[in-house]
Amino acid sequence: MRPTAARMSEMPGPKNLWWGDKGVQRQKGITVYAVSPFRQRAAHNLIRGYIFNGYRRLASHVPYWIFPFALGYGTYTWAKGYDEWQNSKAAHVAGHGAH
């Protein structure tokens, strides 16, 4: 039993052509849009735009993160100092250490 023609072929259509090759008839109703490489400037004014706009955006968010950061840092420094005092000889003499 020999395999069918569909099983033997790789892709439908004319032989030795792949999808999108120039030898295939042009399809109607398909619109392709493209931008010229000279008009594509993805990194145009990237640094300058970040310096001014980025600073403005970061400065507008400072009140939302500076107060929680200051509160957390203050709590951390107080707890670290208190822990150092609790593990010191002075705290043991004062009777606050339970070792």
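The structure presented is a predicted model; accordingly, all values stated were derived computationally and were not measured. Note on numbering: residues in each chain are counted from 1, in written sequence order. Totals for whole chains, interfaces and linings use every residue, but because this is a predicted model, local features are given only for residues with pLDDT of at least 70 and side-chain atom pairs only at 80 or more, for both listing and counting. Hydrogens and waters are ignored; side-chain quantities use all the structure's heavy atoms.

## Looking at the overall build of the chain
So, step 1. By definition, any uninterrupted DSSP run of H or I lasting at least four residues is a helix, any uninterrupted run of E lasting at least two residues is a strand, and each is numbered from the N terminus. Helix and strand counts for the chain come out as 3 helices and 0 strands.
So, step 2. Buried positions account for 2% of the 99 residues belonging to the chain.
So, step 3. When the accessible area of the chain is evaluated, it comes to approximately 10300 Å², of which 61% is carbon and sulfur surface. Only protein chains enter the accessibility calculation, which uses a 1.4 Å probe. A residue is then buried if its area is under 20% of the maximum for its type, exposed if over 50%, and partly exposed in between. Only the protein chains shown count as cover for residues, and all accessible areas are computed by the Shrake-Rupley method using a 1.4 Å probe.

## Here we look at helix H2 (residues 46–86)
So, step 1. With 41 residues, H2 ought to run about 60 Å at 1.5 Å a step, yet its terminal C-alpha atoms sit only 53 Å apart, falling short of that.
So, step 2. Fitting axes to the seven residues that end at a residue and to the seven that start at it, the angle between those axes gives the bend at that residue. Val62 marks where H2 bends most, by close to 50°; the proline Pro63 follows one to four residues later. Any helix carries an expected span of 1.5 Å times its number of residues minus one.

## What about the confidence of the model for the chain?
So, step 1. A residue's pLDDT is simply how confident the predictor is in it, with values from 0 to 100. Put simply, the chain has an average pLDDT of 79, and 69% of its residues get 70 or more.
So, step 2. Across the chain, H2 holds the top mean pLDDT of 92, while helix H1 (residues 5–8) sits lowest at 55.

## Points about a nonpolar patch on the surface
So, step 1. Together, Leu46, Ile47, Tyr50, Ile51, Phe52 and Leu58 line one region of the surface with nonpolar side chains, adding up to about 710 Å² of accessible area.
So, step 2. In this fold, Ile51 is placed in helix H2. By definition, no residue in a patch forms a salt bridge, and every one has over 30% relative accessible area; like charges are joined within 9 Å, nonpolar side chains (Val, Leu, Ile, Met, Phe, Trp, Tyr) within 5 Å. One speaks of a salt bridge when a side-chain nitrogen belonging to Lys or Arg is within 4 Å of a carboxyl oxygen belonging to Asp or Glu.

## A few points about the packing of aromatic side chains
So, step 1. Any two rings among Phe, Tyr and Trp, with Trp reduced to its six-membered ring, count as a pair given centres within 6.5 Å; such a pair is stacked if its planes are under 30 degrees apart, edge-to-face if over 60, and tilted if neither. By the definition in use, this model includes 3 aromatic pairs.
So, step 2. With 5.5 Å between their ring centres and 10° between their planes, Trp78 and Tyr82 make a pair best called stacked. With Trp78 and Tyr82 both in helix H2, this residue pair falls 4 residues apart, about one helical turn.
So, step 3. On the basis of relative accessibility, which here comes to 58%, the residue Trp78 falls in the exposed class.
So, step 4. When its relative accessible area of 40% is taken as the criterion, Tyr82 is described as partly exposed.
So, step 5. What links up through ring pairs into an aromatic cluster is the set Trp78, Tyr82 and Trp85.

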